[in-house]
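The primary structure of each chain is shown beneath.
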Amino acid sequence: MSKHHITTLCALVALSLMPHPAWAQEQKETTPTEEAPQLKGEALAEHIFAKHNLGTTEGCLKFDEKKLLARKALWKDAIWELSTQDPDYLHAWLVGQQEPPKTAIQEAISQRDCMFGQLVADAALPDNDLILNYGDKYRQSKHTMEKVAKKYEKSSQFRKEVAHMFSQSHYRDAAGQAYIWYRKFYFKHPRSFNLVSNQAAEKCGFTPGVSWKPKNTRHQRCWNDHLTKDERQREILTASSAPGISRHHWGTEFDLYGLNPRRFMEERELHDEYVWMSQNALTHGFFQPFTGPEMLGEHTYIEERWHWSYYPVAQALVSYIEEHPERYESALDALWEHFDTRWRGKKQTFSHFSYVKAHWKDYVFHTARLKLALMPSWISPSSILRIAVIT
Ligand SMILES: [Zn+2]
């Protein structure tokens, strides 16, 4: 497919996915309501969500682009109202200091499970080549796909097992993310992690693309003696987020099927899942935000074919951050100060988040905004992997 085709396609889709321009004007300044003046925190959030008809959905929501934007607009209105009545609660949710409100998390999980239902059923269709990986217990055959789909339909316990098997991780709070950050920053991570960047490889005479090995003395010397504190943060940020700026704080993000990038490549065991997701996830409200620096530019994470985001809530939160970066930034500053205070040794006065502070906007905003839902038939599966819409 020519570059021209990709560009045209992206432009078309980008146009059709432009947010409704009336949003900004439609926002009402809301004052605390008379019927519930004392509500705060999650209780207030739930009250507002109910008022906006969120959380009352029975069954599965099916989206086309228009419905997806309408759902996001509904969430956006509710989040805006929450921001006027209890901004501290909203900001604590955004930076991972407060668990997400139940309605938001439940809608994302319910839609995820609806998506799994379709995936399992599709794999059982006789005219479909889709073969899923159900782990070592199951053979990867059409017969298995049919058997599993039947059991899935009958047993709610089995549906839970499959969801558990597919879903590798979901919500993570700032403290959990800080723990990972700290262990990597001090090169105490128990396993190999990330990949050595070109810059670090050049500095230390390594081959780029190998994993960082905290137990290897050459790697230790490179990390501790040759990389600056900012460079160490940048190395961590290639494949894992910093506390405060992880989308996993929102309750809308899922790591699905596996976490090893190689397993999602063509001919490998999770490639079918990935192609199916690229074609069908958006119908259920999910898109792949991290498509890699090649498409999204510097200061972004590597391509994550396992990370799927529930668009209506997640992008309503992104819109809020885009329109109020200074509020989000002060919540981040307070969070980082909190962790720095705890970690800073007596003589150390540096921040463990200096580089993140300078670049958080890149990491938060350099994401693909949507992955195409329905691919025209003239595009081969391998080109699907190259198409993202960036707005
Ligand atoms: Zn993830």
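Just above, that's the structure.
First, a word on scope: everything that follows refers to the structure included in this document. (Residues numbered from 1 in each chain as written. Predicted model: local features only at pLDDT ≥ 70, side-chain atom pairs only at ≥ 80, totals over all residues.)

**Observations concerning the overall build of the protein chain**
Next, step 1: A tally of helices and strands in the protein chain yields 18 helices and four strands.
Next, step 2: Taking the contacts inside the protein chain whose residues are at least 6 apart along the sequence as the reference set, 72% of them involve residues at least 24 apart. (Helix = DSSP H or I, 4+ residues; strand = E, 2+ residues; numbered from the N terminus. Contact = placed C-beta atoms within 7 Å.)

**Comments concerning the environment of H366**
Next, step 1: Within the fold, H366 resides in the loop between α17 (354–365) and α18 (381–384).
Next, step 2: Considering only alpha carbons, one finds H366 and M295, 71 residues apart in sequence, at a separation of 9.4 Å.
Next, step 3: In contact with H366, other than residues within four places in its own chain, are L296, G297, H299 and T300.

**Description of the environment of G176**
Next, step 1: Within the element layout of this structure, G176 appears in helix α9 (residues 174–185).
Next, step 2: Among the residues examined, G176 registers 16 C-beta atoms within 10 Å and is labelled partly exposed. (Buried ≥ 20, exposed ≤ 12 C-beta atoms within 10 Å, placed from the backbone.)

**Examining helix α16 (residues 325–343)**
Next, step 1: An ideal rise of 1.5 Å per residue puts 27 Å on 19 residues; α16 measures up with 26 Å between its terminal C-alpha atoms.
Next, step 2: On the buried face of α16, the contacting elements are α5 (87–94), α9, α15 (311–323) and α17. (Expected span 1.5 Å × (residues − 1).)

**Observations concerning unusual backbone geometry**
Next, step 1: With a phi close to 60 degrees, N53 is a non-glycine residue in the positive phi region.
Next, step 2: C-beta crowding within 10 Å serves as the criterion here: with 10 such atoms nearby, N53 is assigned to the exposed category.
Next, step 3: One non-glycine residue, Y257, adopts positive backbone phi at about 75 degrees.
Next, step 4: Along the chain, Y257 falls in the loop between β2 (253–256) and α13 (271–280).
Next, step 5: Y257 sits in the buried class, given 24 other C-beta atoms within 10 Å.

**A word on the pairing of β2**
Next, step 1: Inspection of the sheet shows strand β1 (residues 167–169) paired to β2 by two bridges, in the antiparallel sense. In the sheet register, S167 faces β2, and the bridge partner there is L256.
Next, step 2: Inspection of the sheet shows β2 paired to strand β4 (residues 307–310) by three bridges, in the antiparallel sense. When the sheet's bridge partners are listed, E253 is paired in β4 with S309. (Pairing = 2+ DSSP bridges.)

**Observations regarding the nonpolar core**
Next, step 1: Ranked by internal contacts, the top residues of the largest apolar core, which has 71 residues, are I79, F286, V313 and L317.
Next, step 2: In contact with V313, not counting residues within four places along its chain, are W75, A104, E107, A108, W250 and T252.
Next, step 3: Core analysis: the next-biggest nonpolar cluster, separate from the first, contains five residues, V196, A200, W212 and C222 among them. (Core = buried A, V, L, I, M, F, W, Y, C linked by C-beta atoms within 7 Å.)

**Details of the sheet that holds β1**
To summarise the sheet geometry, strands pair through backbone hydrogen bonds and adopt either a parallel or an antiparallel arrangement.
Next, step 1: Strands sit in the order β1-β2-β4-β3 across an open sheet of four strands; the sheet is antiparallel. Edge positions in the open sheet fall to β1 and β3 (286–287), since each of these has one partner strand only.
Next, step 2: Contacts between α15 and the sheet are confined to β2, β3 and β4, with β4 contributing the most and set at about 80 degrees to the helix. (Axes fitted to C-alpha atoms, helices over the stretch in contact; angles between N-to-C directions.)

**Quick look at the pairing of β4**
Next, step 1: Of the two faces of β4, both are covered, the one formed by H307 and S309 as well as the one formed by W308 and Y310.
Next, step 2: Bridging between β3 and β4 involves two bridges; their strand directions are antiparallel. Residue F287 lies in a different strand from β4, and its bridge partner there is S309.

**What to know about the packing of helix α4 (residues 65–85) against α15**
Next, step 1: Between α4 and α15, whose axes approach to 8 Å, the crossing angle comes to 50 degrees. Between α4 and α15, the crossing angle belongs to the class labelled oblique. The element α4 and its partner α15 pack so that their crossing is right-handed. Facing α4, whose interface residues are L68, R71, K72, W75, K76, I79 and S83, α15 presents Y311, P312, V313, Q315, A316, L317, S319 and Y320.
Next, step 2: Classifying every residue of the contact of α4 with α15 by side-chain character gives nine nonpolar, three polar and three charged. (Parallel < 35°, antiparallel > 145°, perpendicular 65-115°, else oblique. Left-handed = near helix turned anticlockwise from the far one by under 90°. Nonpolar A, V, L, I, M, F, W, Y, C, P; charged D, E, K, R; others polar.)

**A few points about α5**
Next, step 1: Within α5, burial applies to Y89, L90, H91, W93 and L94.
Next, step 2: On its buried face, α5 is in contact with α3 (41–51), α4, α15 and α16.

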